[in-house]
Amino acid sequence: MDAIDPVLLEVVRSRLQAVVDEGAVAIERTAVSPVVSESKDFSTNLLTPSGDLLVGGGRVEYKWPGARNLVRATLARHGATIAPGDVFAANDPHNGGGNHPQDIEVCRPVHVDGVLIGWVAASAHVIDVGGMTFGSWAPDATECFQEAVRFPPVRLLRADEEQIDVWSLILNNVRLPQLVEMDVRGLIAGCNVAAGKLL
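Residues numbered from 1 in each chain as written. Predicted model: local features only at pLDDT ≥ 70, side-chain atom pairs only at ≥ 80, totals over all residues. Heavy atoms only, no water.

*Asks:* So what's going on with the side chain of His111? Residues and values would help.
*Replies:* Relative to the elements of secondary structure, His111 occurs in strand β4 (residues 103–112). The exposure class assigned to His111 is buried, which follows from its relative accessible area of 16%. (Helix = DSSP H or I, 4+ residues; strand = E, 2+ residues; numbered from the N terminus. Buried < 20%, exposed > 50% of the residue type's maximum accessible area, 1.4 Å probe, protein only.)

*Asks:* Requested: an account of the sheet that holds strand β3 (residues 87–90), with residues and values cited.
*Replies:* Here we have seven strands laid out as an open sheet, ordered β2-β1-β5-β4-β3-β6-β7, and antiparallel in their pairing. Bordering the open sheet on either side are β2 (53–58) and β7 (161–162), each of which pairs with just one other strand. As paired elements, β3 and strand β6 (residues 154–158) share three bridges and run antiparallel to each other. Across the sheet, the residue bridging to Val87 is Leu157, located in β6. Packing of helix α4 (residues 164–171) onto the sheet brings it into contact with β6 and β7, and relative to β6 it is tilted by some 135°. (Pairing = 2+ DSSP bridges. Contact = heavy atoms within 4.5 Å. Axes fitted to C-alpha atoms, helices over the stretch in contact; angles between N-to-C directions.)

*Asks:* With reference to specific residues and values, describe the pattern of salt bridges.
*Replies:* Oppositely charged side chains can pair when the atoms bearing their charge come close. For the structure on display, the rule yields 13 salt bridges. When salt bridges that share partners are traced, they join Arg15, Glu22 and Lys197 into one network. (Salt bridge = Lys/Arg side-chain N within 4 Å of Asp/Glu carboxyl O.)

Now the structure itself:
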């Protein structure tokens, strides 16, 4: 095996870090709820085609493993149908989501000449995802169905075209749909910026 040039390795590592950091800045500038825009409860990531974490960014490092969870669950659920311009989202911690249902995870595959070369992902704690209490904090819940609406990896965009039925289903089940929608759109913007910089 050839020796790895440490200077080249650091240049590549630094460049990949800059990609996720620029995605994080896009989220911070486009999200509207105070949970995301003020308290910075979000992250960005680059992953391999199989979903291994390469680089994490944003302010909340413990969100990074959620991106791996989302990409692997998306691959398992959507597999061969994944195409350029698709964007997926999930919030079910047991099926593609992050640490809890309030963490919505978004990912976008990155293709070059039709070949999947990696994924960009972003996550944020949104202000409400339904359930029995505002903010979806439900310590009195006796089952997960009372805590929040939970969704496995679903397509928000197919080939860059919004899937209005999926958006409507999610936003119809939250108390502040305008804020949640704009924060999810902020995550998509972060993924778009990171994907563009990666390419």
